[in-house]
Amino acid sequence: MADYHNWLEKAGVRLIGSGRSKRGTLDTAVAGYKKSDAIRREKRTGLTIRGLAKWAIATQLRTDDPTEGIELERGFKSQGHMTWREPQVE
């Protein structure tokens, strides 16, 4: 990853919005995660903290997983939509 950033600097390539974020901050990590393929492999759409933590470890931005050991609660299971009865249709 360091080689990639060095190449970008030598080539004079500036990423959009890179002037607003400082390297090593959470803002930079979230922007990098959103651009990566890791977010496309997530089961849920959008940004998840667990996925961000795994990506940050893989790209050596973090050495530990702050979400390790945290269990998610199951959501409410609905019975679906009600079927209309005859008096409701008329």
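Here's what I pulled together on the structure shown here. (Residues numbered from 1 in each chain as written. Predicted model: local features only at pLDDT ≥ 70, side-chain atom pairs only at ≥ 80, totals over all residues. Heavy atoms only, no water.)

In this structure, Ala 29, Tyr 33, Ala 38, Ile 39, Leu 52 and Trp 55 together form the largest nonpolar core, which totals 6 residues. Where this core is concerned, the elements lending two or more residues are α2 (26-35) and α3 (49-58). Each residue touching Ala 29, except ones within four places of it in the same chain, is listed here: Leu 52, Trp 55 and Leu 61. (Core = buried A, V, L, I, M, F, W, Y, C linked by side-chain atoms within 4.5 Å. Buried < 20%, exposed > 50% of the residue type's maximum accessible area, 1.4 Å probe, protein only. Helix = DSSP H or I, 4+ residues; strand = E, 2+ residues; numbered from the N terminus. Contact = heavy atoms within 4.5 Å.)

As a further point, take the packing of aromatic side chains. Evaluation of the coordinates by the stated rule reveals 1 aromatic pair. Note on Tyr 33 and Trp 55: the rings are 6.0 Å apart at their centroids and 50° apart in plane angle, and the pair reads as tilted. In this pair, Tyr 33 is assigned in helix α2 and Trp 55 in helix α3, connecting sequence segments 22 residues apart. A relative accessible area of 0% means that Tyr 33 is categorised as buried. You can call Trp 55 buried: its relative accessible area is 13%. (Phe/Tyr/Trp six-rings, centres within 6.5 Å; stacked < 30°, edge-to-face > 60°.)

Our next topic: unusual backbone geometry. Positive phi, normally seen in glycine, also occurs at Gln 60, with a value near 65°. Relative to the helices and strands, Gln 60 resides in the loop between α3 and α4 (86-89). When its relative accessible area of 70% is taken as the criterion, Gln 60 is described as exposed.

Let us now look at the packing of α2 against α3. Relative placement of two packed helices is described by the angle separating their axes and the distance separating the axes. Across the interface, α2 lies against α3 with an axial gap of 10 Å and an inter-helix angle of 95°. Classified by the interaxial angle, the pair formed by α2 and α3 is roughly perpendicular. Contacts from Leu 26, Ala 29, Val 30, Gly 32 and Tyr 33 of α2 reach α3 at Gly 51, Leu 52 and Trp 55. Residue composition of the contact of α2 with α3, by class: 6 nonpolar, 2 polar and no charged. (Axes fitted to C-alpha atoms, helices over the stretch in contact; angles between N-to-C directions. Parallel < 35°, antiparallel > 145°, perpendicular 65-115°, else oblique. Nonpolar A, V, L, I, M, F, W, Y, C, P; charged D, E, K, R; others polar.)

Between side chains of opposite charge, a pair can form when the charged atoms approach closely. In this structure the tally under the stated criterion is 1 salt bridge. Across the pair Arg 62 and Asp 64 runs a salt bridge whose closest N-O atoms are separated by 2.7 Å. (Salt bridge = Lys/Arg side-chain N within 4 Å of Asp/Glu carboxyl O.)

Don't take any of this as a statement about function, it's just geometry.
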